[in-house]
Amino acid sequence: MYEGAVQDLIDELGRLPGIGPKSAQRVAFHILEADGEDMKRLADAIVSVKDKVKFCEICFNVSEESTCRICQDSRRDPSLICVVEESKDVMAIERTRSFRGKYHVLGGSINPIAGIGPDQLHIRELLNRLSDDQIEEVIIATDPNLEGEATATYLVRMLGSIGIKLTRLASGLPVGGDLEYADDVTLGRAFEGRTDMS
């Protein structure tokens, strides 16, 4: 245990995902030893992102405006909606340059153990979007893990009767993995080989 501000910093860093006690301590001491101006820029960037960034009113992707740049882009195909768990999944798919439709970010996946059910996700908003006659296909691109599969199954049950084509990303992505860690070629091939679920 360290005194005051140092221990407070270690405790706060340790609350971040993927940072355990040892990593938190290492980062805290890096911050202490780093140039003050560099750390001020880091602190300002953290405050700025919390002040400026919100979620798109249409798709729930991160945005500094009420509508994200993807939803504003008239060159995107409005007949395709790709449903993902998190905003980081949008960026992973965008890197492939294989998809030119629009997105819908659920804000997570169904995980009863963590107390996350369908009502905690943006599924109701997705249903509202699907009342638009332009939409012809929904691509379900949830992670290929237990929670992602549960979410995909739930979505297929909810959306199966509305008459819109439902597809799921093809195999090739490792089961138990996350989309954000897939390489661009694998993710691109998964998009090209998606399967019909309706």
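Definitions and limits used
- Residue positions are given per chain, counting from 1 as you read along its sequence in written order.
- Given that the model is predicted, a residue must reach a pLDDT of at least 70 before its local features are reported, and side-chain atom pairs must reach 80 or more before they are shown or counted; all residues, however, enter totals for whole chains, interfaces and linings.
- Excluding hydrogens and water, the side-chain values take into account all heavy atoms of the structure.
- Two cysteine sulfur atoms form a disulfide, by the criterion used here, when they sit within 2.5 Å.
- Each residue gets one of three labels from its accessible area relative to the maximum for its type: buried under 20%, exposed over 50%, partly exposed in between, using a 1.4 Å probe on protein chains only.
- In this scheme, strands are said to pair when DSSP sees at least two bridges between them.
- Helix and strand assignments follow DSSP, with helices taken as H or I runs no shorter than four residues and strands as E runs no shorter than two, numbered in order from the N terminus.
- Contacts are assigned to residue pairs with any non-hydrogen atoms lying within 4.5 Å of each other.
- For Phe, Tyr and Trp, where Trp contributes only its six-membered ring, two rings pair if their centres lie within 6.5 Å, and the inter-plane angle classes them as stacked under 30 degrees, edge-to-face over 60, or tilted in between.
- UniProt positions are given in the numbering used here, feature names are shortened, and annotations may be inferred rather than shown by experiment.
- Of all possible arcs, the one meant is that of the directions from the helix axis to the C-beta atoms.
- Every axis in this analysis is a line fitted to C-alpha atoms, fitted for helices over the stretch in contact. Angles between the N-to-C directions lie between 0 and 180 degrees.
- Each angle receives one of four descriptions, namely roughly parallel if under 35 degrees, roughly antiparallel if over 145, roughly perpendicular if within 65 to 115, and oblique otherwise.

Q: Explanation requested: the state of the cysteines in the structure shown.
A: Any covalent bond linking the sulfur atoms of two cysteines counts as a disulfide. Following the criterion strictly, the structure yields zero disulfides and no others. Here Cys68 is not disulfide-linked; the sulfur of Cys59 is the nearest cysteine sulfur, at 3.6 Å. Cys59 supplies the cysteine sulfur nearest to Cys71, a cysteine that is in no disulfide, at a spacing of 3.6 Å. According to the relative accessible area criterion, Cys71 is buried, its value standing at 9%.

Q: Mind showing me how you'd approach the sheet that holds strand S5 (residues 137-140) here?
A: Backbone hydrogen bonds hold the strands of a sheet together, and the pairing may be parallel or antiparallel. Taken in spatial order, the five strands line up as S4-S3-S5-S6-S7 in an open sheet, and their pairing is mixed. Each of the sheet's edge strands pairs with one partner strand only, and the pair in question is strand S4 (102-105) and strand S7 (195-196). Pairing of strand S3 (residues 80-84) with S4, which is carried by four bridges, proceeds in the parallel orientation. Looking at the pairing, Val84 lines up with Val105 of S4.

Q: Help me out: how do you make sense of unusual backbone geometry in this one?
A: One non-glycine residue with positive phi stands out, namely Phe60, at about 70 degrees. Take Phe60: it is sitting in the loop between strand S1 (54-55) and strand S2 (62-63). Exposure remark for Phe60: the relative accessible area of 15% places this residue in the buried category. Non-glycine residue Arg97 carries a positive phi angle of around 55 degrees. As for its placement among the helices and strands, Arg97 is situated in the loop between helix H5 (87-96) and S4.

Q: What is the right way to read the environment of Ser109 from this model?
A: On the secondary structure map, Ser109 appears in the loop between S4 and helix H6 (123-129). Residues in contact with Ser109, not counting those within four places in the same chain, are Glu85, Ile116, Leu121, Glu147, Gly148 and Thr151.

Q: Help me out: how do you make sense of the packing of aromatic side chains in this one?
A: Here the distance between the centres and the angle between the planes together describe a pair of aromatic rings. The tally for this structure, following the rule as stated, stands at three aromatic pairs. Both rings, one in Phe99 and one in Tyr103, keep their centres 5.2 Å apart while their planes meet at 65 degrees; by these two values the pair is edge-to-face. Relative accessible area serves as the criterion here: at 4%, Phe99 is assigned to the buried category. Residue class for Tyr103 comes out buried when judged on its relative accessible area of 1%. An aromatic cluster of at least three residues, connected via ring pairs, comprises Phe99, Tyr103 and Phe191.

Q: Even after reading the chapter, I still don't get the UniProt feature "zinc finger region: C4-type" (unreviewed entry) in the protein, so can you show me in this structure?
A: Per the UniProt annotation, the sites labelled "zinc finger region: C4-type" (unreviewed entry) are residues 56-71. Between the end C-alpha atoms of residues 56-71 the distance is 8 Å, and the span holds 19% helix and 12% strand.

Q: Can you help me understand the environment of Leu159 in this one?
A: By secondary structure assignment, the location of Leu159 is in helix H7 (residues 146-159). Measuring from C-alpha to C-alpha, the distance between Leu159 and Leu127 comes to 7.8 Å, with 32 residues separating the pair along the chain. Aside from chain neighbours lying at most four places away, what touches Leu159 is Leu126, Leu127, Leu130, Val138 and Leu166.

Q: Please explain helix H1 (residues 4-14) as it appears in this structure.
A: Given 3.6 residues per turn, any residue in an α-helix points the same way as the ones three and four places further on. Every buried residue of H1 is listed here: Gln7, Ile10 and Leu13. Buried residues of H1 fall within an arc of 130 degrees about the axis and therefore sit on the same side. Tucked into the core, H1 has its buried residues touching helix H2 (21-33).

Q: How should I be thinking about the packing of H5 against helix H8 (residues 184-192) in this particular structure?
A: To characterise two packed helices, one gives the angle between the axes of the helices and the distance between these axes. Close contact between H5 and H8 brings their axes to 8 Å; oriented N to C, the two are set at 90 degrees. Taken together, the axis directions place H5 and H8 in an arrangement best described as roughly perpendicular. Within the contact between the two elements, H5 uses Ala92, Ile93, Arg95 and Thr96 and H8 uses Asp184, Leu187, Gly188 and Phe191.

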